Amino acid sequence: MDSTKQVMDSAKPAITTKPPSLIGGACIVACICVGAGMLGLPAAGAGVWTIGALMALVFTMIIMTTSGCLLLEVLKDYPYRSSFSSITKDLLGKEVNFFNNLMIYFVGGILLYAYITSSGLILNEYFGIAPQLASILFVFIFSGLVWHSTKMVDRISIVLMLFMIISFSFGTVGLWFNVNLSTLLDTAHLKFEYAQYVWVFFPIALTAFGYHHSVSTLRDYYREERLAQKAIIGGTIIALFTYTVWLMSIYGNLPRVSFGPIIAEGGNIDTLLISLKAVLAEETLSNVISAFSAAAILSSFIGVGLGVFDFLADLFQFDATSKGRTKTWAVTFIPPLIFSLLFPFGFLAAIGYAASAAAIWACIVPALLARKSRLQVTSHNFEDNEEGHKKSKPYQVPGGELVLVGVFIYGVVIIVINILVMFEALPVFEGV
């Protein structure tokens, strides 16, 4: 949920012989995926550590890439500018569409809650401002960018993205020079029993590849499903590479034992940064990582905030006047701020709840949509064949029913994992 749709709509060319750049589309998908959520990956994967976490990320990337392509397959039978909501309503009905939209809003709201809470803790650590006051200041200052205009968010996002690229590159290169191989592979604690902690990492991994609300925009942008598919695959590969570099940089510098206090604090970003600072000799490097983390949170906050803002403006039919935008601003930012002030229970917990809702609209619903769409197309093709007409082969994700079942089951498993964690029925890593 970010400003991607507005950016791409404004950049959408008239019909030409040359399609838009695949590199550009891939970077857009990667930017949607990579955000503040990646800051929660190290703490979430501390139990299973480097190899296990990377294997889980690769598997999740494949599933989430496939589910996005399933949405492309469904969209091929609809006119351009058809939205995720419109195809869900048409194929699965109003009730399912309402529930799906509710889950999309829930993910946006819970992510805003997580970013507001984390920003307050970081500002408290570096400026000594009380966390609650810091969260309030953060919301009222930076949500004003969303209230002002989409163009303002786009401009600020470009600046933040450039800053994040520079600080991430400098920071990870610096961390790589300090990587200890035995720490990275955790040779002191090579025990098979740690494999049991991989389950609780999957929900966090799922949120790291959430771009599905923009699939319809990509299809409109390229006007061809196969090109959009290439952009999606390229974007998720870039995101996977970024996460791999980030996790190896952290796990190569911060011993597994150091994650006990971080997890005890709910995986909050400020605790991770404090622990990193303790093991890094170079203060400059520590400051760069902190600056990258702050920029990632701010970028994600305004991006997700704009997506929720536009969603609620359309839902409540608020107009674009100052009064209308103020109403939309209030219903977008005030509820997550209030919850942040009352229940600052931790970054990882918030991302975990978001994963359950995201599993519905990023895995379960796309699989159901594709199945319904294929049944309808099969029926139509039979009628056409009876009349002797031939059709060109339309875009379809390979793998048949097995792929649909796999994506659907993955979404269900994510929800079950979160329920089991909630009832303490799954082992959760709390420190060596």
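Residues numbered from 1 in each chain as written. Predicted model: local features only at pLDDT ≥ 70, side-chain atom pairs only at ≥ 80, totals over all residues. Heavy atoms only, no water.

Chemist: Explain the packing of aromatic side chains here, please?
Modeler: For any two aromatic rings, the description comes down to two numbers: the centre-to-centre distance and the angle of the planes. Scanning the entire structure with this criterion turns up 23 aromatic pairs. Both rings, one in Tyr 221 and one in Tyr 222, keep their centres 5.2 Å apart while their planes meet at 70 degrees; by these two values the pair is edge-to-face. Tyr 221 gets classed as buried once you look at its relative accessible area, which sits at 16%. Taken together, the aromatic side chains of Phe 138, Phe 140, Phe 142, Phe 301, Trp 329 and Phe 333 make up a single cluster linked through ring pairs. For Arg 223, the ring lying beneath its charged end belongs to Tyr 80, and the centroid distance is 4.2 Å. Against the face of Phe 429 rests Arg 256, its NZ or CZ located 5.8 Å from the ring centre. (Phe/Tyr/Trp six-rings, centres within 6.5 Å; stacked < 30°, edge-to-face > 60°. Buried < 20%, exposed > 50% of the residue type's maximum accessible area, 1.4 Å probe, protein only. Lys NZ or Arg CZ within 6 Å of the ring centre and 35° of its normal.)

Chemist: Would you explain the packing of helix 2 (residues 22–33) against helix 12 (residues 225–251) in this entry?
Modeler: To describe two helices that pack against each other, one gives the angle between their axes and the distance between the axes. Closest axis-to-axis distance for the helix 2/helix 12 pair is 7 Å, and the angle between their directions is 50 degrees. Taken together, the axes of helix 2 and helix 12 are oblique relative to one another. Note on packing geometry: the crossing formed by helix 2 with helix 12 is right-handed. Contacts between helix 2 and helix 12 involve Leu 22, Gly 25, Ala 26, Val 29, Ala 30 and Cys 33 on the former and, on the latter, Leu 227, Lys 230, Ala 231, Ile 232, Gly 234, Gly 235, Thr 236, Ile 238, Ala 239 and Tyr 243. (Axes fitted to C-alpha atoms, helices over the stretch in contact; angles between N-to-C directions. Helix = DSSP H or I, 4+ residues; strand = E, 2+ residues; numbered from the N terminus. Parallel < 35°, antiparallel > 145°, perpendicular 65-115°, else oblique. Left-handed = near helix turned anticlockwise from the far one by under 90°. Contact = heavy atoms within 4.5 Å.)

Chemist: Honestly, the packing of helix 5 (residues 84–92) against helix 6 (residues 94–127) in this entry has me stumped. Any pointers?
Modeler: With their axes 7 Å apart at the nearest point, helix 5 and helix 6 run at an angle of 150 degrees to one another. Classified by the angle their axes make, helix 5 and helix 6 are roughly antiparallel. Relative to helix 6, helix 5 is oriented so that their crossing is right-handed. Contact residues: helix 5 offers Phe 84, Ser 85, Thr 88, Lys 89 and Leu 92, while helix 6 offers Lys 94, Val 96, Asn 97, Asn 100, Asn 101 and Ile 104. Here the contact of helix 5 with helix 6 is built from residues that sort into four nonpolar, five polar and two charged. (Nonpolar A, V, L, I, M, F, W, Y, C, P; charged D, E, K, R; others polar.)

Chemist: What should I look at first to understand the confidence of the model for the chain in this one?
Modeler: Parts of the prediction with low pLDDT should not have their coordinates interpreted in detail. Of the residues in the chain, 92% have a pLDDT of 70 or more, and the chain-wide mean is 87. Taken element by element, the chain is modelled with least confidence in helix 1 (residues 4–11), mean pLDDT 47, and with most confidence in helix 4 (residues 49–75), mean pLDDT 97. Low confidence marks residues 1–16, where pLDDT is under 50. Its contacts with residues over four positions away, or in another chain, come to 40 contacts. In this model residues 382–391 is a low-confidence stretch, pLDDT under 50, and it forms three contacts with partners more than four residues away in sequence or in other chains. (pLDDT = per-residue confidence, 0-100.)

Chemist: Would you explain helix 18 (residues 400–422) in this entry?
Modeler: Each full turn of the α-helix corresponds to 3.6 residues, which orients residues three or four apart in the same direction. Relative to the 33 Å expected for 23 residues at 1.5 Å per residue, helix 18 spans 35 Å between its end C-alpha atoms, a close match to the ideal helical length. Among all positions of helix 18, only Val 403, Leu 404, Val 407, Tyr 410, Gly 411, Ile 414, Ile 417 and Asn 418 are buried. Backbone geometry just downstream of helix 18 places Glu 424 in the positive-phi region, at approximately 55 degrees. (Expected span 1.5 Å × (residues − 1).)

Chemist: Teacher, can you tell me more about the environment of Leu 39 here?
Modeler: Along the chain, Leu 39 turns up in the loop between helix 2 and helix 3 (41–44). As a C-alpha pair, Leu 39 and Leu 254 span 215 residues in sequence and 14 Å in three-dimensional space. In this view, Leu 39 contacts Trp 246, Ile 269, Leu 272, Phe 292, Ser 293, Ala 296 and Ile 297; residues no more than four positions away in its chain are not counted.

Chemist: Got a minute to help me understand unusual backbone geometry in this structure?
Modeler: Trans is the common state for peptide bonds, and a negative phi is the common state for residues other than glycine. One non-glycine residue, Arg 81, lies in the positive phi region at around 75 degrees. Examined against the element boundaries, Arg 81 turns out to sit in the loop between helix 4 and helix 5. For Arg 81, a relative accessible area of 56% corresponds to the exposed category. The phi angle at Arg 223 is positive, at roughly 55 degrees, despite the residue not being glycine. Mapped onto the fold, Arg 223 is located in the loop between helix 11 (215–222) and helix 12. The class of Arg 223 is partly exposed, set by a relative accessible area of 41%.

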